[in-house]
Amino acid sequence: MAGALGGTGGSGWTWRPVARDPLLARAFHSCTELRGRFYLVGGLLAGGAREPSSDMVVFDPAGGQAVRVGARGGPRRSHHDAALVGGRWLCVVGGWDGSRRLATVSALDTERGVWEAWTAAPGSCPPAGLSSHTCTHLSDRELRVAGREGGTRTQRRYGSIYTLRLDPGARTYCYKEEGYHTVSRSGHCAALLQSPGPHPGHQLLLFGGCDSAEPEVAGHWSHGKIKEEPPVAPRLMEQLARLVSSGQGSRQGPRGLRHHSCSVVGPFAVLFGGETLTKARDTICNDLYIYDTRKSPSLWFHFPCADHGLKRVGHRTCLWNDQLYLVGGFGEDGRTASPQVCILDLFI
């Protein structure tokens, strides 16, 4: 399993398999790191499956072992997103339950091993239904939700932005719609990055999920407003800096990409795979894109791949211990879920 050489001067990359287990074979799931474990929730176990899974699998990257966790009341979900709250509750937001799109919140109490269906607080103004959306941590009790509402018949022509406030003590959640909209997006990704330029701060950028190649700002915060501490990955950050130095940067990003993965590594957003809307055939991708925000304007770097075995859609990447992990997703046929876990190796 090797990625084609990208850039010049012998630079290249690969996804190196480090574990394999049928329990991990799924797509359109969530994958959240907590205390050195990856919590995989739901997803589709095969292409064409009508009902998503309700199981949860915990993967130990240090030991390479996966186990199914028998927590009662797990939500049946795919195309959802998940976020960790208070270092204890794994909150699953929205998604498809096999019959409709939801905007509800189900939370796993990781200390007790029990799922809880939290309730909407008075005054909550939830979306009509969410799938293939994004949830981004702003603070320990606040998420920013971005994506198109409703199904194909009821969806709006624009994307809505919501702030979702969570109260673990009361087991409640509250949606507030923000006063601005984005392009209609589904299957996009979101990256909370430091703002380039003379005025420090953070901005939430949306990539893909529509025909446009342009990232879109879904929120901007001045210096000190965002308290979230991203995972530290100094070695991987240095390797990414060296890799992009071997490539040719562009203002133009990937056009029409959806259901790809995205992980923030310092000033870089690392995107991989997905499905392109620009082709009628051979739509599943195996390209690596790096968005570099160290200078203004930010630049894209594209590192293609010749290995069809690396094509993925509906997968997840997860950063832990200075390494980027690839988990699940459908392969080239769009139907067969990968049971592998891989690590991104960079050759500089």
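Described in the following lines is the structure provided in the data block. (Residues numbered from 1 in each chain as written. Predicted model: local features only at pLDDT ≥ 70, side-chain atom pairs only at ≥ 80, totals over all residues. Heavy atoms only, no water.)

A full pass over the atoms with the stated rule returns 13 aromatic pairs. With a centroid separation of 5.2 Å and 80° between ring planes, the pair formed by F38 and Y325 is classed as edge-to-face. With F38 in strand β3 (residues 37–41) and Y325 in strand β25 (residues 323–327), the pair connects residues that are 287 residues apart, well separated along the chain. Of the residues examined, Y325 reaches a relative accessible area of 3% and is grouped as buried. (Phe/Tyr/Trp six-rings, centres within 6.5 Å; stacked < 30°, edge-to-face > 60°. Helix = DSSP H or I, 4+ residues; strand = E, 2+ residues; numbered from the N terminus. Buried < 20%, exposed > 50% of the residue type's maximum accessible area, 1.4 Å probe, protein only.)

Our focus in this paragraph is the sheet that holds strand β15 (residues 189–194). Spatial ordering of the open sheet is given by β15-β16-β17, a layout of 3 strands whose pairing is antiparallel. Sheet topology places β15 and β17 (216–222) at the edges, where each strand pairs with a single neighbour. Neighbour-to-neighbour, the strand axes of the sheet open up by a mean angle of 15°, direction not taken into account. Bridge count for strand β16 (residues 201–207) against β17 is 5 bridges, and the pairing is antiparallel. Looking across to β17, one finds that L205 is bridged to V217. (Pairing = 2+ DSSP bridges. Axes fitted to C-alpha atoms, helices over the stretch in contact; angles between N-to-C directions.)

Attention shifts here to the sheet that holds strand β12 (residues 142–147). Taking strand neighbours across the sheet as the criterion, the 5 strands line up as β10-β14-β13-β12-β11 in an open arrangement whose pairing is mixed. The outermost strands of the open sheet, each flanked by one partner alone, are β10 (119–120) and β11 (134–139). Where β12 meets strand β13 (residues 158–167), 6 bridges bridge the pair, whose relative direction is antiparallel. Note that in β13 the partner of G147 across the bridge is S160.

Before going further, it helps to examine the side chain of D292. Tracing the backbone shows D292 in strand β22 (residues 288–292). Side-chain polar atoms of D292 contact the side chain of R294, separated by 2.8 Å. Each residue touching D292, except ones within four places of it in the same chain, is listed here: V244, P267, F268, S298, L299 and F301. (Polar contact = N/O pair within 3.5 Å; in protein donor to acceptor, adjacent residues only side chain to side chain. Contact = heavy atoms within 4.5 Å.)

Let us look at helix α1 (residues 234–245). Over its 12 residues, α1 extends 17 Å from the first C-alpha to the last, a length consistent with the 16 Å expected when each residue adds 1.5 Å. Looking only at α1, the buried set comprises L236, Q239, L240, A241, L243 and V244. (Expected span 1.5 Å × (residues − 1).)

Once that is clear, we can look at the pattern of salt bridges. All told, the structure shown has 18 salt bridges when counted by the stated rule. D60 is paired through a salt bridge with R37; the nearest N and O atoms lie 3.6 Å apart. With a gap of 23 residues between them, D60 in strand β4 (residues 56–60) and R37 in strand β3 connect regions that are remote in the sequence. Within this structure, R88, D109, E111, R112, E116 and R171 form a network of salt bridges that share partners. (Salt bridge = Lys/Arg side-chain N within 4 Å of Asp/Glu carboxyl O.)

Of note, A190 is situated in strand β15. Considered as a pair, A190 and T172 are 18 residues apart in the sequence and their alpha carbons are 24 Å apart.

Here we come to the nonpolar core. Among soluble globular proteins, nonpolar side chains are generally buried collectively. Among the nonpolar cores identified, the biggest contains 24 residues, and W13, W15, L236, L240 and I290 are the most heavily contacted of them. Contributing elements (two or more residues each) for this core: β1 (12–20), α1, β20 (268–272), β22, β23 (299–303), β25 and β26 (340–347). Within the second largest apolar cluster, 18 residues are counted, among which are A103, A107, L164 and L166. (Core = buried A, V, L, I, M, F, W, Y, C linked by side-chain atoms within 4.5 Å.)

In this section: the pairing of strand β14 (residues 172–183). Bridge analysis of β10 against β14 gives 2 bridges, and the strand direction is parallel. Across the sheet, residue A120 finds its bridge partner in β14, namely Y173. Hairpin connection, β13 to β14: the antiparallel pair is bridged by 4 residues, and R171 has positive phi, about 60°.

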